[in-house]
Amino acid sequence: IQSTVLAGKSMLARASIPEVERLINEQIAGNVFRALRPGGRLVLSVPNRDYFVGDLPARICWEAQGSMVLEEVDFDFFKSRLEVRRSIAFEEGRQAEHRFSVRVYSMHEITQILERAGFEVISAAGHIATPGTFLGPYSRSIWILASKP
């Protein structure tokens, strides 16, 4: 979870950092909670785990400037992580491979983290343009509005 305090009143946060485990995110949520004044609000957006698992495993190939990219994505159900292997072949013959892993959350997991930190969850949505409407596995993201009582 990345966060920024704006003028001591507002908090802007976005979470999707690879390799950050739940315990660290709970600590960060607690730090954000302590940084806000009573009545302060948090808007949080995280990738929706339930959206991604329905189409996995997946192989995606695309052409980028001067290269071809093959991305293989799978889901580790034991760790709730997207596991990604990206192979790149460059025009001049050079090749590269990158692997990364992203912890993704379901609605109940992210609200539990916020509630354990002391937040009151006011509403949730699947997109910032549709407040209060969450379509479960059809929503790419989870947007949460929470406040510090």
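Residues numbered from 1 in each chain as written. Predicted model: local features only at pLDDT ≥ 70, side-chain atom pairs only at ≥ 80, totals over all residues. Heavy atoms only, no water.

**Q** Residues and numbers for the environment of Trp62, please.
**A** The residue Trp62 is located in strand β4 (residues 58-64) in this model. The class for Trp62 is partly exposed, based on a relative accessible area of 33%. Placed 26 residues apart in sequence, Trp62 and Ile88 show a C-alpha to C-alpha distance of 9.9 Å. Discounting residues that sit within four places of it in the chain, Trp62 has contacts with Ser67, Met68, Val69, Glu71 and Arg86. (Helix = DSSP H or I, 4+ residues; strand = E, 2+ residues; numbered from the N terminus. Buried < 20%, exposed > 50% of the residue type's maximum accessible area, 1.4 Å probe, protein only. Contact = heavy atoms within 4.5 Å.)

**Q** Could you give an account of the sheet that holds strand β7 (residues 95-103), naming the residues involved and the relevant values?
**A** One open sheet holds the four strands; their spatial order is β4-β5-β6-β7, and the pairing between them is antiparallel. Each edge of the open sheet is held by one strand with a lone partner, namely β4 and β7. Strand-to-strand twist across the sheet, computed as the mean angle between neighbouring axes with direction ignored, equals 20 degrees. Both strand β6 (residues 81-90) and β7 contribute to a ladder of nine bridges, which runs antiparallel. Across the sheet, residue Arg86 finds its bridge partner in β7, namely His98. (Pairing = 2+ DSSP bridges. Axes fitted to C-alpha atoms, helices over the stretch in contact; angles between N-to-C directions.)

Take it as geometry only, folks, not as evidence of what the structure does.
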